[in-house]
Amino acid sequence: MFALFIITVAAAEVGVGLAILLLLYRNRQSVDLSEADLMKG
Amino acid sequence: MTVLGALVAQNIAFGVIAAIMVFAAIRLVTTRNVVHAALFLVVVLGGVAALFLLMGAEFVGITQILVYIGAVVVLFLFGIMLTRTRIGNEEGTDHPNRLPALLAAALVATVTIYAVVSGFGDAELPADTRTTTAEVADSIFSTYIIPFEAVSVLLLAALIGAIVIARRD
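Here, residues in each chain are numbered from 1, in the same order as that chain's written sequence. Written order determines the labels here, with chains lettered from A and ligands numbered from 1. Since the coordinates come from a predicted model, pLDDT governs what is reported: local features require at least 70, and pairs of side-chain atoms require 80 or more to be given and counted, while whole-chain, interface and lining totals use all residues. Processing note: side-chain calculations cover all non-hydrogen atoms of the structure and skip hydrogens and water entirely.

J.: Just checking my understanding: could you explain the overall build of chain A for this structure?
T.: Helix and strand assignments come from DSSP, with helices taken as H or I runs of at least 4 residues and strands as E runs of at least 2, each series counted from the N terminus. Assigned secondary structure in chain A consists of one helix and zero strands. With the principal axes as the frame, chain A shows a C-alpha extent of 45 × 20 × 10 Å. When the accessible surface of chain A is summed, it comes to about 3200 Å², and 69% of that surface belongs to carbon and sulfur atoms. Surface accessibility in these figures is a Shrake-Rupley result with a 1.4 Å probe; residues are shielded only by whichever protein chains are displayed.

Below you can see the structure in the form of structure tokens.
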């Protein structure tokens, strides 16, 4: 029973993660993580 | 078939499915063709569904096939085929940070295995773990009605949130 709820919560998280990645691509024109270094000192 | 015989058969089936899944997972990350990678993902997810069925969780197993193989992987394949001009022998599927990735994977595997072993040890599963779809439906709408409504709202919120984040203004 808990497996069902965990799968559902995981699905919700995947949706938000994909949206964040889409936004990353739209703002930086790249999904290369080594280019996402705005916070690097 | 005796109970012991059924247990032995279950263990053999688990070993076979797990071996197929490990092989497919390794091929999934080493193949140079993204379409082959998506098809190996089908094998891995099918193995997960088979393990759920083996545990007697028929509803979760069949949902796994419908949602993951039926929807997610088909979405992957459509995405690959609609966006790539050339499919096959790709450059750039490898990454220079192989060793740190291997270390991180080994660390995650160690922590997971240690957590499972120390949490459950040699505790035995009950002999009959079957749960029919009717039982799942009954308990979802009676015992677990509050968590069910909670995850429903959570999914709705995640959906709206994803649309708000990804929408072009």
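J.: Would you take a moment to explain a nonpolar patch on the surface for this structure?
T.: Residues and elements named next belong to chain B. A cluster of nonpolar residues, V3, L4, L7, V8, I12, V16, I20 and V43, forms a patch on the protein surface that exposes about 720 Å² of accessible area. Residue contributions to the nonpolar patch peak at seven residues, all from helix α1 (residues 3-30). Along the polypeptide, L7 turns up in helix α1. The patch calculation keeps residues exceeding 30% relative accessible area without a salt bridge and links them within 9 Å when they carry like charges or within 5 Å when they are nonpolar (Val, Leu, Ile, Met, Phe, Trp, Tyr). A pair is scored as a salt bridge if a Lys or Arg side-chain nitrogen falls within 4 Å of a carboxyl oxygen belonging to Asp or Glu.

J.: Is there a simple way to think about the packing of helix α2 (residues 34-54) of chain B against helix α3 (residues 58-83) of chain B in this case?
T.: Each pair of packed helices can be described by the angle between their axes along with the distance between the axes. All names here are of chain B. The axes used here are C-alpha line fits, helices contributing only the stretch in contact, and every angle between their N-to-C directions lies in the interval 0 to 180 degrees. Orientation of α2 relative to α3, taken along the N-to-C sense of each, is 175 degrees, at an axis distance of 8 Å. Judged on the interaxial angle alone, α3 and α2 are roughly antiparallel. Only E58, V60, G61, Q64, I65, Y68, I69, V73, F76, L77, I80 and M81 of α3 make contact with α2, whose side of the interface consists of V34, V35, A38, L39, L41, V42, L45, G46, V48, A49, F52 and L53. Comment on the angle field: the value is read as roughly parallel under 35 degrees, roughly antiparallel over 145, roughly perpendicular from 65 to 115, and oblique elsewhere. Here, two residues are considered to be in contact whenever any of their heavy atoms come within 4.5 Å of each other.

J.: I tried to follow the interface of chain A and chain B on my own but got confused; where do I start?
T.: Often, the extent of an interface is quoted as the loss of accessible area on bringing the components together. At the interface, 14 residues of chain A touch 18 residues of chain B. Around 1500 Å² of area is buried between chain A and chain B when both sides are counted, 83% of it from carbon and sulfur atoms. The interface formed by chain A and chain B includes zero salt bridges. The term polar contact refers here to a pair of N or O atoms within 3.5 Å; inside protein, the definition further demands a hydrogen-donor-capable atom paired with an acceptor-capable atom, and it admits residues adjacent in sequence only when both atoms are side-chain atoms. Applying the counting rule to chain A against chain B returns zero residue pairs in polar contact (both at pLDDT 80 or more). A 1.4 Å probe defines the accessible area here, and the buried area is the portion of it lost by two parts on being joined, summed over both.

J.: Please explain the side chain of N33 of chain B as it appears in this structure.
T.: Summarising the element assignment, N33 of chain B is placed in the loop between α1 and α2. Looking at N33 of chain B, its side chain comes within polar contact range of the main-chain nitrogen of V35 of chain B, at 3.0 Å.

J.: Before we go on, may I ask you to explain the packing of α1 of chain B against α2 of chain B in this structure?
T.: Residues and elements named next belong to chain B. Viewed as axis vectors pointing N to C, α1 and α2 meet at an angle of 160 degrees, and their least axial separation amounts to 9 Å. With respect to α2, the element α1 is oriented roughly antiparallel. Crossing of α1 against α2: the hand is left-handed. Residue-level contacts link Q10, A13, F14, I17, I20, M21, A24, A25, R27 and L28 of α1 to A37, F40, L41, V43, V44, G47, V48, A50, L51 and L54 of α2. By convention, the crossing between two helices is left-handed when the near helix turns anticlockwise from the far helix through less than a right angle, and right-handed when the turn is clockwise.

J.: Sorry, what's going on with the packing of aromatic side chains here?
T.: What describes a pair of aromatic rings is the distance from one ring centre to the other and the angle between the planes of the rings. Any two of the Phe, Tyr and Trp rings considered here, Trp counted by its six-membered ring, make a pair once their centres fall within 6.5 Å; the pair's planes then place it as stacked at under 30 degrees, edge-to-face at over 60, or tilted in between. Summed over the entire model, instances satisfying the criterion amount to two aromatic pairs over all chains. Ring geometry for F5 of chain A versus Y144 of chain B: centroids 6.1 Å apart, planes at 55 degrees, classification tilted. One end of the pair, F5 of chain A, is in helix α1 (residues 2-28); the other, Y144 of chain B, is in the loop between α5 (133-140) and α6 (145-166), on a second chain. Partly exposed residues are those whose accessible area sits between 20% and 50% of the maximum for their type, while under 20% is buried and over 50% is exposed, using a 1.4 Å probe and protein chains only. Classification of Y144 of chain B by relative accessible area gives partly exposed; the value is 24%. With a centroid separation of 5.1 Å and an interplanar angle of 70 degrees, the aromatic rings of F141 of chain B and F148 of chain B are classed as edge-to-face. Under the relative-accessibility criterion, F141 of chain B is labelled exposed at 55%. According to the relative accessible area criterion, F148 of chain B is partly exposed, its value standing at 23%.

J.: How do you make sense of the environment of G119 of chain B when you look at a structure like this?
T.: With respect to the helices and strands, G119 of chain B occurs in helix α4 (residues 98-120). Between the alpha carbons of G119 of chain B and H36 of chain B there is a distance of 37 Å; along the sequence they are 83 residues apart.

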